[in-house]
Structure formats: C-alpha cells, structure tokens
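Report on the structure
Single-letter residue listing:
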Amino acid sequence: MIGGRSLLQILGLYAAGSWLVLQVVDVLVDNMGLPDWVFPFAVVLLLIGLPIILTTAVVQKRLSGGAGLAGSATDGRGAAGQAVEADPASVASPEIRRLFTWRNALVGGGLAFVMLATVTGGFMYMRNSGVGPVGSLVAKGVLEERAPLVLTEFESSEPDLAATATEALRIDLSQSNVVKVVEPAVIARVLDRMEIELEGPLGEELAREIAIREGWPAVIVGEINEAGGRYVLSARLVNAEDGSELLALRETASDESEIVPAVDELSARFRERVGESYGSLRASAPLEQVTTSSLDALRLYSQALDADDAGDDDRAIALLEEAVERDTAFAMAWRKLGVLLGNRNVEGSRTVEAVSKAFAHRDRLTTRERYLTEGTYYNDVEKDIERATTAYENLLDLNPDDAWALNNLGVLVSAQGDAARALEFYERSFAADPTNVIALGNQSVQLKRLGRTDEARAVLDEALRIAPGAPDMVNRLADLELGAGNYELAAALYDSITVLGSGSGYWEWAAEEGRVLLDATQGRIADAEAGRARAARFLVDEGWGGTYLWRSVWSAWTRLLAAQDPAGAAAILDEALARYPAEAVPDGEAPVLDLAFLSAALGRTREAQAFLDRHRTAEASFAGSGWEVVLEAVAEAQLAQQSGDVAGALELYDSLDRGVCPECGLFWKGFLLEQAGDPAGAITAWEGYLSRGWHIRHILDADGLGSVLESLGRMHDEEGNQEQAAIYYAQFVELWQDADPELQPRVATAQARLEEIIRERG
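Because the structure is predicted, anything quoted here is derived from the model rather than measured.

Helices and strands together make up the secondary structure of the protein chain, namely 36 helices and 5 strands. Expressed as a percentage of its 762 residues, the buried residues of the protein chain come to 49%. A sequence separation of at least 24 residues applies to 60% of the contacts in the protein chain between residues at least 6 apart. About 34600 Å² of surface is accessible on the protein chain, with carbon and sulfur atoms providing 52% of the total.

What follows is the structure, encoded as structure tokens:
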C-alpha cells in the first residue's frame, strides 16, 4: 500500500509513473497527429501533481504516527513499548486530512488528464471542423486541400535576400501535403499566354491576375522589412478575386544568419493554419537542414535556379559549384549540379561526384527530392535499375502525377529498349506538367525510334513554342532533320544554336559537333575533321578527356568507313590516346567499349581485348544499361570477325534486334556480310537500317551512309537489279556531290554507271 512506504519510495514511484505517462502521451502525439503543446501540457500537470503527492504523503505519514522524513517507524510506541501520545501540532486539521488522501490524489490526477484529453479533443474538433479562431482554412472551406497557390517574390530593399527567402519558403512548402505552390515554369507559361514579359519580381497585383485567369484561389505575398538591425518577415495569404486577407503571419530575425530559421518558422505556422496535420509538420525536416545553414550558399543556389530558367547553364553550374564550396553538405545544390551536368551528357565523373554527394546527404532533402536523388544515384552511379525504379515508384505513390518521376521512369524503360512504354511515361510527364519541355524532347526520341518522324517533329515544334529558342530542343530538331536527310535545314538549325546558347562554350561545341556530322555525312571529311579539331578545343579547355576520346573514336570511324582509310583512322585513335591515355581516365568516364570495338576493327585485337576486360572488371557488379549492352556486343562481334568467326559475329549483331538500338546491329551486320561475300544478306541488313528512324541515325550516317548507298548500288547492279541500283547510285551521287577531291573518283564511277543504266533502260 502507498501509505506504508517511505517518502523517498513514494517519490520514486511518482517519477516512474510520470515517465510512463509521458511516454504514452508522446506516442499519442506522434501517432494521432496531436499538437505539440499536448506534451508540455502533460508535463505541467505532472509538475502540479508533485507537491500534492508530497503533501498527501506527509499528512498520511503523520496520521499513521510516522517519524521523520526518513520514516524510522516506532509504531506509535516508545523504546520500552509504551504508548506515545501524538503531538497535536503535528497532526493536520480534519479538513486537511479529508482533502489530502490517497484516494483524492489519484482521482484528482485522473481528472487532470481527463481535462487534458477534453481540451485536446475539443481543440482538434474545432480545428478540423473549422470552428472558431483555431479552425484551419481548409476545414472552414476557405481553401481546398492542395489548391494551387501563387507565391510572389518577397518584397525587400535587398533583392538577393528577397530571392533567397522566396526560394527557401518555396522549398519548405513543397514538403506540404496540403499546400501546393505553383511552379515558376507554369507561371512563365501563363505569362506567355498573357503576352507579358516579366522584367522584375512577380508582385501581388500580377500574381492575382494570373491566379484569376487560371482559376487558382489565392496568392502568397511575402515581405521583409529591416528595423533597428532586425528583420521582420511577414507572409499573407490573399484571396485572388477580391484581394481580401485570408491569413497573416509574422516572424523576426535578429540578423541575416537568422533569416532561414525565421522562414522555417513562418512556413510551419502557415502550413498549420492552412490545415496540415501536426504529424506531417513534425515529419518535415527543418528548412535549414532541408536546404543549407549558409545563407550565402542558399543565395547562390537561388541565383543558379534563375540562371537555369534563363537557359544559362554555364552560369548555373558555376553558381552551384560555388554554393557547395560554401556548404559541402548542401544536398539540394549537389543534386541540381548533378542534374545539369547529367543533362549535358558530357563528363561522367563530375556528374557521378555531384549525385554521390547529394545521395550522401539525402536526409537533408525533402521527401520528393530524396526519392529523385536516390533514383538518379542508383541509375547513374550504381547502375542498379531495379532500385532506381523503386525510388521513382515510391515517389509516384506519394504523387501519381509527379512529372519528374514519370520522366525518369521513361528514361529507365527507354534504356531497356521499350520505346512504346517509355513514350507513355513521357506523355504522362508532360500531361502532369505542360511546361516540361524535357519530357517533350524525350518523346521525340521515342517517336523516332518507332519510325514516327513527323510526330517527333511536331512534338519538338511544341517544345519550341513553350520555350522559344531553347538550345537543347533546337539541337534535337537539327539532329532529326539531319537523320531525315534535310541537310540545308539541319545546317541552319546548327548555326542558330551558337546564338541561342547565349555564348555558352558548351553550346558552341554542340553546334560545331552537329556541323561535323553534317559534313561527314556528305563526304566532306576534311571539313569534318577541321570542325572536330575546333570543337575539341572546348573539351581540352574543360579537361574532358573521356569525351575527347569518345569523339575521336567516332571521327576515326568516319575515316575508316566513309573514306575507307584504315591508316588515317588509326592515326586519329593514336593521337587521342597520346593526349589522354585511357588508363589515366577514370572508370565511368573512359569510353572503353567504344575504344574496344574500334581497336578490333583496326585489327588491334590485343588492345581491344584489354579495353573489353577493363570494362568487365570495372562494371562487374553492374547490371549494365542498354547502351553498354549494345557497345559490348559490337566490340565482341568485331573481335569475332577478326578471328574469322562470322557466325558468332552475326549472332551478336542479331542479339541487338530486341535492345535499345536494333538499327546498330543492322548497320554493322551489313559491313560484315559485304566483307564475307554475302551481298544478299548485306542488302537485307542495310535496307533494314535505312528504313528505321532511330534517334542516333544521324551519327551512324556520318560514319557510313555514303559507303552504304554506294555498296547497295553496286550490289544490286551485280545482282541484275538495275532499277534499284540506279536509285542507290543516284542517292549516293547526290549525297556526295560536294565530297572531298580524293573521294570524287568514287562519285564519278557511280555517276557513270548511273548514266549507263539510264541509257540502257531508255
């Protein structure tokens, strides 16, 4: 019984009971989404109960004749066993004795927690039902859950600080499952329809007009004012239709370093008042962890996003690199840097480093950004397609219309050769975000793979309507027109990329590479090699050795297949390897498979096998992307061909029919069968190649289209099919009419035979 225990024992029991009660309250707060004040309320009640318990213990001990605080019991008797009369002053009054009983203490404690439950339940009912001042805006019917809200730029005398605070608030609100902030790209598209070119920050008046046009209910207006060395941050939720104020909140920051935490508090209160559950609010990481504790780094990150939106990738990358120097654990900056570098698809090691750094600090990302980062990391770094797919599917479980998850799943499916399913993902991605021009660009690739060139062109036209002059989309369209044989249009498009790229060294390089492909396709090999040398200066300046080797390999293929000059091809390869020895280029960046199949074609089989072995060692644990499968098969086929195993080489080329590039197998198979003395087989392979619409057709054409057309004309001629021969001779002559002087004898031979056939057939 409690009454028979010492005061210290009672304190111990109360402490243990209090700990148990607080554990239960903590679990209920977390699992039932109760407000944070419930736990401290319980602590206060327990603290209030402590003196009551102590008083009850003292009163009850004295009534029972206990002595001393330590409680040395004498059972009310003296040392000789004689009765001891209680000191009247030590016994409480009857009223106190009736009040401080163990029964009353226990009942009072129970009633206190009943009161806590009642207050909490009443508060939650009022909040969720929209009753009184604690009712949320969603519960009151003022806003619908996930209704789109337009976020204006914070107003401030310091533009950089305003941009930083705006981006910080946008990032934090992106974690909400109740608040949905309209993306800047969507705002930009609405402004295009309004024929308005926004020259400054988005203000309240224009934001309201945008919201009214689109049927969005409200806008968020922010402001930063400086007073007495302190910053006052305010956020208002304004009704789009009439401008009435739905919600107004304010936070203060002692200096610039406290701006981010102040925005964090402001956004948390905003989300709470709108109607987000307390459980969800607690699940969100604080803003300074989600982004960065460095205001300078966050400011640079915000500027990088602006540069990216303006199409200035060079500046965006430079700003992001500076941001991660300021805060090496800035996960979102690392992730964005990895995305921009990956989109260029030029230098693998820098992309891998950035994505890996983001992955290492992924706990500091929002849930959405974390899943995106995990998907990118598992695909680009670990080559684990299954885990990458799982990451994006997890994101779709949170939001089935997440445009980037859909787009990236399309990338994974495309790499496995399923163009039709990849196209479905890209179409869903664009439907989810009608400003997502990257999804349109990816659609064009799949449409070309499916032979739907006109649709691919229409998709790219739509992308350029949304983002006029976007260099990436112009480049894709130029590649399409080159592959379709529209050479003059392709040349004009490549020329425009340099201007559209805002002086970017990368886009100057890309435009030069496009012109190189155009020259090589039309037999102007010397011009192509001069252009390749000009483009290579950019790669050397950037230190992109892996890309230099890759481009040199394809230049060598042009020399080998188009000019039929093995010695010239070997010289190009040797120059590249002397400049950037393959062993000095890191795994994942060195194009060892490309080097392997070129070396094999040149008869350097030992060197080719070494490159192939390096790939298998470095990638031993990788499942392999679709392109790795293609390149490895072609390399093995070239080695088999060199050893005289024609059947083995044919089997490897045929295996590509079900992969990401069936046309690749047909292209190389035609050369093999021609050399093996099987003209009928070569004709079938090459005519199959010419009938396809694959998105790298423009690259393969640069290497060998002229030779393919020339050989098809000759082989059909030898087979007695002069009508088909005349068609291919005519195409070859037209294609190479301005070819290099050393190639003109081949053109003249085809022209002469074409004229003979015309005379013979009348």
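Resuming the write-up.
Before going further, it helps to examine the sheet that holds strand S4 (residues 230-239). Taken together, 5 strands build an open sheet; the order of strands is S2-S1-S3-S4-S5 and the sheet is mixed. Looking along the sheet, the strands with just one partner apiece sit at the ends: strand S2 (180-181) and strand S5 (245-253). As defined by bridge partners, strand S3 (residues 218-227) adjoins S4 across 10 bridges and the pair is classed as antiparallel. The residue bridging Ala 218 from the neighbouring strand is Asn 239, located in S4. The strands touched by helix H6 (residues 159-173) are strand S1 (148-151), S2, S3 and S4; relative to S3, the strand with the most contacts, the crossing angle is about 135 degrees.

Here we come to the packing of helix H25 (residues 525-542) against helix H26 (residues 545-562). The contact between H25 and H26 brings their axes to 10 Å, and the two run at 175 degrees. Classified by the interaxial angle, the pair formed by H25 and H26 is roughly antiparallel. Residue-level contacts link Ile 525, Glu 529, Arg 532, Ala 536, Leu 539 and Val 540 of H25 to Thr 547, Tyr 548, Arg 551, Trp 554, Ser 555, Thr 558, Arg 559 and Ala 562 of H26. Of the residues that constitute the contact of H25 with H26, the class distribution is 7 nonpolar, 3 polar and 4 charged.

Take the confidence of the model for the protein chain next. Residues of the protein chain with pLDDT of at least 70 account for 89%, and the chain-wide mean is 84. Within the model, pLDDT remains below 50 along residues 620-624, and this stretch shows 5 contacts once partners closer than five positions in the same chain are excluded.

Another aspect to go through is helix H27 (residues 566-579). Counted at 1.5 Å a residue, the expected span for H27 with its 14 residues is 20 Å, and the 20 Å between its end C-alpha atoms agrees. Gly 568, Ala 569, Ala 570, Ile 572, Leu 573, Ala 576 and Leu 577 are the residues of H27 that are buried. Check the buried side of H27 and you find it contacts H25, H26, helix H28 (592-601) and helix H29 (605-618).

Moving on, we come to the environment of Pro 217. Relative to the helices and strands, Pro 217 resides in the loop between helix H8 (204-214) and S3. When the C-alpha atoms of Pro 217 and Val 150 are compared, they prove to be 8.8 Å apart, with 67 residues separating the residues in sequence. Apart from residues lying up to four places away in sequence, Pro 217 is in contact with Leu 143, Ala 147, Pro 148, Leu 149, Val 238, Asn 239 and Ala 240.

For any pair of aromatic rings, the description consists of the separation of the ring centres together with the inter-plane angle of the planes. All told, the structure shown has 19 aromatic pairs when counted by the stated rule. Pairing Phe 671 with Trp 686 gives two aromatic rings, centres 4.9 Å apart and planes at 80 degrees, and the pair type is edge-to-face. Here Trp 686 lies in helix H33 (residues 679-690) and Phe 671 lies in helix H32 (residues 662-675), a separation of 15 residues in the sequence. Accessibility expressed as a relative area gives 0% for Trp 686, which makes it buried. Clustering of aromatic rings is evident, with ring pairs tying together Trp 554, Trp 557, Phe 597, Phe 667, Trp 668, Phe 671, Trp 686 and Tyr 689. Of note, Arg 697 hangs over the ring of Tyr 689, and the distance from its end group to the ring centre comes to 4.9 Å.

So, how was this worked out
- Residues numbered from 1 in each chain as written.
- Predicted model: local features only at pLDDT ≥ 70, side-chain atom pairs only at ≥ 80, totals over all residues.
- Heavy atoms only, no water.
- Helix = DSSP H or I, 4+ residues; strand = E, 2+ residues; numbered from the N terminus.
- Buried < 20%, exposed > 50% of the residue type's maximum accessible area, 1.4 Å probe, protein only.
- Contact = heavy atoms within 4.5 Å.
- Areas by Shrake-Rupley, 256 points an atom, 1.4 Å probe, with all protein chains shown as cover.
- Pairing = 2+ DSSP bridges.
- Axes fitted to C-alpha atoms, helices over the stretch in contact; angles between N-to-C directions.
- Parallel < 35°, antiparallel > 145°, perpendicular 65-115°, else oblique.
- Nonpolar A, V, L, I, M, F, W, Y, C, P; charged D, E, K, R; others polar.
- pLDDT = per-residue confidence, 0-100.
- Expected span 1.5 Å × (residues − 1).
- Phe/Tyr/Trp six-rings, centres within 6.5 Å; stacked < 30°, edge-to-face > 60°.
- Lys NZ or Arg CZ within 6 Å of the ring centre and 35° of its normal.

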